[in-house]
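As a plain string of letters, each chain reads:
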Amino acid sequence: MSEPSQPPVSPQTAFSSATPYRDVTCGDLRATDAGRSVHIAGWAHRRRDHGHLIFLDLRDRYGITQVVVDADESPDAHAVAGRVRNEFVLEISGQVARRMAGKENAELETGEIEVRAESVQILSEAHTPPFYVNEPDATTDESLRLKYRYLDIRRRPMLDRLLLRSALVRAIRDAHHRAGFVEIETPILLKSTPEGARDFIVPSRLQPGSVYALPQSPQQLKQLLMVAGMDRYFQIARCFRDEDLRGDRQPEFTQLDLEMSFVDEQRVMDFVEAMIVDVSRAVVPDRPIQQLPFPRIDYKEALERFGSDKPDLRFGMELVDLAPGLLAAPALLAAPAVLVAPALPPTPAIGEGSTGFRVFDEALAAGGRVKAIVAPSMADASRSQIDELVEFARRHGARGLAHVSVAPDGAGHSPIAKFLGEARVAAIVSGAGTKPGDLVLICADASHEVVADVLGRLRQELGLRLGLADQNVLAYCWVYHFPMYQWDADRGRWDATHNPFSGVLPEDEQLLVTASGDPYKPSRQDPAGRARAMQYDIALNGWELGGGSVRINKRELLERSFALQGYSLERMHAQFGGILEAFDFGAPPHGGIAMGIDRWAALFAHQTNIREVMAFPKTQSGTDLMLDAPSEPDPEQYSDLGLRFVGFDAAESASRADAKE
């Protein structure tokens, strides 16, 4: 057994950043350290050779220190420094000196000092990097950044985002520990359960023919922890979903997962809101929260007013109902819930009967909607800009997009005025609450959902494009009381809108029945389609930050809900037997939420793509460019698992490609 060469240092020293290669970091030194002998290590950020003097900017994650190597003072160090190139790893000893008056660098925290080198040692040489590490604002292709991510992380912007993410996770943990939560890790190898996306599966070598699934979330496990009496659980959980990727999705991601016992919706939302405020103030104290308490908006009202269940409340541009008929006002959640200031009642701007414009008339005859948003100061939009907006709307399911421009004198002008007539165009201008110079964008469709979705997306797009959203503000809001189910016509069943364990509002529990009377024969006409769930989402600046619910905690009710979702008794017991049996032993009322750490960090860091706050993300196609994954397995790995690769025939491959498009 080998012996350590030196006696152990004190705990204080062991916990410090000092090592055998340094006694301070490159961000530590200040003017008060002048005259001190120091030992520093890091990467050569820049090298400036002035002949007799060589200047080295030495960098680590803590900062940059300027090093001066003088040929007269330290000829050996000067000779070594002459060989140094950017990104060489160096160890330097010397004395701290104040910079000459007028030579200070106010952009660096160490800008008042420099280190006069007495020795320079090259610990590791480096090839010329494929992009400029020392120029953070230089434009670099993302694929190159991902291939050489370890170099990208050396750059200050990427480093700062990862440090912010670390601070976010620490603040989350601190808040939960203060509130009495217990941090518990749950397994990665699990049984597959439906969570709304495909599972990644892992074949078992010890049980050939069987597979594990990587968790889309620890849903059943956190509920079982409540049955176990843990009362308050949380973890920073790794989750996996095999789904098509986009800016706010990755195949593997991290979420804050929490669950609480003996709670109702109000209590869960109150804790989560207080935790979010605490974390926000700890991590980004300079960014104001737009409204406290957070606005709490009923799901139906969110769609009516914003066309989205994750509305961006940093700007107005609310949807305006141009057709006759008012919707009933939604019920509010119990105090101290706060609702966003209500909009004016919808105005029947296009009047009763035929409008003369076929698109509007057909939509209304089919029970649909005609709604609009008002884009401020866009009346002078060019034909190409209007065409771009029309194409945007069509891409998201609309038949088209009508528009009315409001002239400086307040008069409305539109290509559809010849159908509607001047009176109706004037009524649209008035009913939409426009100002001179505004542009009214109108969507009509037989589907309420299409109208809401198209205008909601347009609202978000134009709000950002026109600079209506204050980029520094954090506009959190709750959306609650989602529909319990949505009908799946292809499979002839009800699908849970969030997850299959969500509870139903007590007053709607009686609706969880079928029209046929047989719970295993659901239909589109079932009363269950009107049931509302005890579900709630937290949104931030137009992104869904998290979602949760109070859960069903009674076996009979959970089995009834599974039956509506198309599960036979045998199948539900095969997939959910563990939690169903656990409920026989006493399950407390419980609920929780899952919040995306990657999305939260991205929003805090002013990013629109979560790859920018992940150390080693995948590309849009799910590829790891740095480590070349996924890759073909070794044939022996197939053999050990009793597997062989069959692949798809040409017809099936084409079908899969079409489905993906």
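Residues numbered from 1 in each chain as written. Predicted model: local features only at pLDDT ≥ 70, side-chain atom pairs only at ≥ 80, totals over all residues. Heavy atoms only, no water.

**Brief notes about the overall build of the protein**
Rules: Strands are runs of DSSP state E lasting at least 2 residues, helices are runs of H or I lasting at least 4, and numbering of each runs from the N terminus. Think of it in three bands: with a 1.4 Å probe and only protein chains considered, a residue is buried below 20% of the maximum accessible area for its type, exposed above 50%, and partly exposed in between. We get accessible surface area from the Shrake-Rupley algorithm with a probe of 1.4 Å; when it comes to residues, only the shown protein chains can shield them. Counted charges follow a simple rule, with Lys and Arg positive, Asp and Glu negative, and His plus the chain ends left uncounted. Taken as the charge location is NZ of Lys, CZ of Arg, CG of Asp or CD of Glu.
Along the protein, the regular secondary structure elements total 18 helices and 22 strands. By principal-axis analysis of the C-alpha atoms, the protein measures approximately 95 × 70 × 60 Å. Within the protein, the fraction of its 661 residues that count as buried is 48%. Of the roughly 32,900 Å² of accessible surface on the protein, 52% is carried by carbon and sulfur atoms. For the protein, the distance from the average position of its 72 positive side-chain charges to the average position of its 94 negative side-chain charges is 1 Å.

**Quick notes on the nonpolar core**
Let me state the cut-off plainly: The term nonpolar core refers to a set of buried residues drawn from Ala, Val, Leu, Ile, Met, Phe, Trp, Tyr and Cys, joined through side-chain atoms within 4.5 Å. Boundary definitions for the domains trace back to an automatic or database domain assignment. Pairs of residues are marked as contacts when any of their non-hydrogen atoms sit within 4.5 Å.
One finds V272, M275, Y476, M595 and W600 to be the most contacted residues of the largest nonpolar core, which totals 49 residues. For this core, the two domains that each supply at least three residues are domain 2 (159–286 + 603–613) and domain 4 (477–594). Beyond its immediate sequence surroundings of up to four residues, Y476 is in contact with I276, S280, I289, F294, P295, I538, A539, L540, L545, W600 and F604. Core analysis: the second largest hydrophobic core is formed by 24 residues, L29, L56, L90 and I92 among them.

**Some points on the pairing of strand β16 (residues 439–445)**
Heads up, the rule is: The rule for pairing is simple: two strands pair if DSSP sees at least two bridges between them.
The buried fraction of β16 amounts to 7 of the 7 residues, a majority that puts the element mostly inside the structure. Neither face of β16 is exposed, since L439, L441, C443 and D445 on one face and V440, I442 and A444 on the opposite face are all buried. In terms of strand pairing, strand β13 (residues 369–375) meets β16 through 7 bridges, oriented antiparallel. Looking at the pairing, K371 lines up with C443 of β16.

**Description of the domain arrangement of the protein**
Each assigned domain of the protein is listed here: domain 1 (31–124), domain 2 (159–286 + 603–613), domain 3 (315–468) and domain 4 (477–594). Computed over C-alpha atoms, the centres of domain 3 and domain 4 are 34 Å apart.

**Description of helix α15 (residues 569–583)**
As a reminder, the rule being used: Multiplying 1.5 Å by the helix residue count minus one yields the expected span of that helix. Each residue is assigned a bend, namely the angle between axes fitted to the seven residues that terminate at it and the seven residues that start at it.
Here α15 spans only 16 Å end to end across 15 residues, well under the 21 Å set by a 1.5 Å rise per residue. At F576, α15 shows its strongest bend, of approximately 90 degrees. Of the residues making up α15, those classed as buried are M572, F576, I579, L580, A582 and F583. Summarising the contacts, the buried residues of α15 are in contact with α6 (219–227), α14 (555–564) and β22 (590–596).

**A word on the sheet that holds strand β15 (residues 412–413)**
This is how the line gets drawn: Axis definition: a line fitted to C-alpha atoms, over the contacting stretch in the case of helices. Angles run 0 to 180 degrees between N-to-C directions.
In spatial order, the strands read β12-β13-β16-β14-β15; together these 5 strands make up an open sheet with antiparallel pairing. For this open sheet the edge positions go to β12 (320–321) and β15, each flanked by a neighbour on one side alone. With 2 bridges joining them, β12 and β13 adopt antiparallel strand pairing. Bridge assignment links V320 to a residue of β13, and that residue is A372. Along the sheet, helix α13 (residues 448–465) makes contact with β13 and β16, crossing β13 at roughly 5 degrees.

**What about the sheet that holds strand β4 (residues 89–98)?**
The strands making up a sheet associate through backbone hydrogen bonding, with each pair oriented either parallel or antiparallel. Taken together, the 5 strands give a closed barrel; going around it, the order is β1-β2-β3-β5-β4, and neighbouring strands pair in mixed fashion. Taking each pair of neighbouring strands and ignoring which way they run, the sheet shows an average axis angle of 55 degrees. Direction of pairing for strand β1 (residues 37–49) relative to strand β2 (residues 53–60): antiparallel, over a ladder of 6 bridges. Bridge pairing in β2 places R46 opposite D57.

**Structural notes on the confidence of the model for the protein**
Selection criterion: Confidence of the predictor in every single residue is expressed as pLDDT, which spans 0 to 100.
Overall, the predicted model of the protein reaches an average pLDDT of 91, with 92% of residues at or above 70. Note on residues 325–347: pLDDT under 50 across the span, and 42 contacts to partners over four residues away in sequence or across chains.

**Considerations on the packing of aromatic side chains**
Both the distance between ring centres and the angle between the ring planes are used here to describe each pair of aromatic rings. Our working rule: Working definition: a ring pair exists when centres of Phe, Tyr or Trp rings (six-membered ring for Trp) sit within 6.5 Å. Plane angles under 30 degrees give stacked, over 60 give edge-to-face, the rest tilted.
Under the counting rule described, the total for this entry stands at 15 aromatic pairs. Note on F562 and F576: the rings are 4.2 Å apart at their centroids and 10 degrees apart in plane angle, and the pair reads as stacked. Residue F562 is found in helix α14, and its partner F576 is found in helix α15; the two are separated by 14 residues along the sequence. A network of ring pairs unites the aromatic residues F501, F562, Y567 and F576 as a single cluster.

**Regarding the environment of D526**
Tracing the backbone through its elements, the reader meets D526 in the loop between β19 (493–496) and β20 (535–540). For D526, the contacting residues outside a window of four places in its chain are W494, V513, T514, A515 and L564.

**Details of the packing of helix α5 (residues 156–178) against helix α7 (residues 265–283)**
Heads up, the condition is: Angle categories are assigned with fixed cut-offs, so that under 35 degrees is roughly parallel, over 145 is roughly antiparallel, 65 to 115 is roughly perpendicular, and the rest are oblique. A clockwise turn of the near helix away from the far one marks a right-handed crossing, whereas an anticlockwise turn of less than a right angle marks a left-handed crossing.
Viewed as axis vectors pointing N to C, α5 and α7 meet at an angle of 140 degrees, and their least axial separation amounts to 9 Å. By the criterion of interaxial angle, the relationship of α5 to α7 is oblique. For the pair α5 and α7, the sense of crossing is right-handed. Here L164, A167, L168, A171, I172, A175, H176 and R178 of α5 come into contact with α7, specifically with F271, M275, D278, V279, A282 and V283.

**Describing a nonpolar patch on the surface**
Defined as follows: Residues enter patches when their relative accessible area tops 30% and they take part in no salt bridge; the joining distance is 9 Å for like charges and 5 Å for the nonpolar side chains Val, Leu, Ile, Met, Phe, Trp and Tyr. By definition here, a salt bridge exists when the distance from a side-chain nitrogen of Lys or Arg to a carboxyl oxygen of Asp or Glu is within 4 Å.
A contiguous nonpolar patch, built from I188, L189 and Y212 and spanning about 240 Å² of accessible area, is present on the exposed surface. Checked against the element boundaries, I188 lands in the loop between β6 (182–183) and β7 (201–203).

**Here we look at the pairing of β2**
Across a regular strand the side chains alternate sides, sitting on one face of the sheet and then on the other. Of all 8 residues in β2, 7 are buried; the element is thus mostly enclosed. Connecting β1 to the next strand, β2, in antiparallel fashion are 3 residues, including G51 with a positive phi near 85 degrees. Alignment of β2 against strand β3 (residues 63–70), held across 8 bridges, turns out to be antiparallel. Within β3, the position partnered with L53 by the bridge is D70. The turn joining β2 and β3, which pair antiparallel and follow one another in sequence, is formed by 2 residues.

**A word on the environment of Y150**
Following the sequence through the fold, Y150 ends up in helix α4 (residues 149–152). With relative accessibility at 44%, the residue Y150 sits in the partly exposed group. Taking the C-alpha atoms as reference, Y150 lies 17 Å from D137; in sequence the two are 13 residues apart.

**Points about unusual backbone geometry**
The omega torsion across L292 and P293 is -15 degrees, close enough to zero to call that bond cis. Considering the arrangement of structural elements, one finds P293 in the loop between α7 and β11 (296–298). If you check the backbone angles, F262 has positive phi at about 55 degrees while not being a glycine. We classify F262 as exposed; its relative accessible area is 63%. Non-glycine residue M317 carries a positive phi angle of around 50 degrees.

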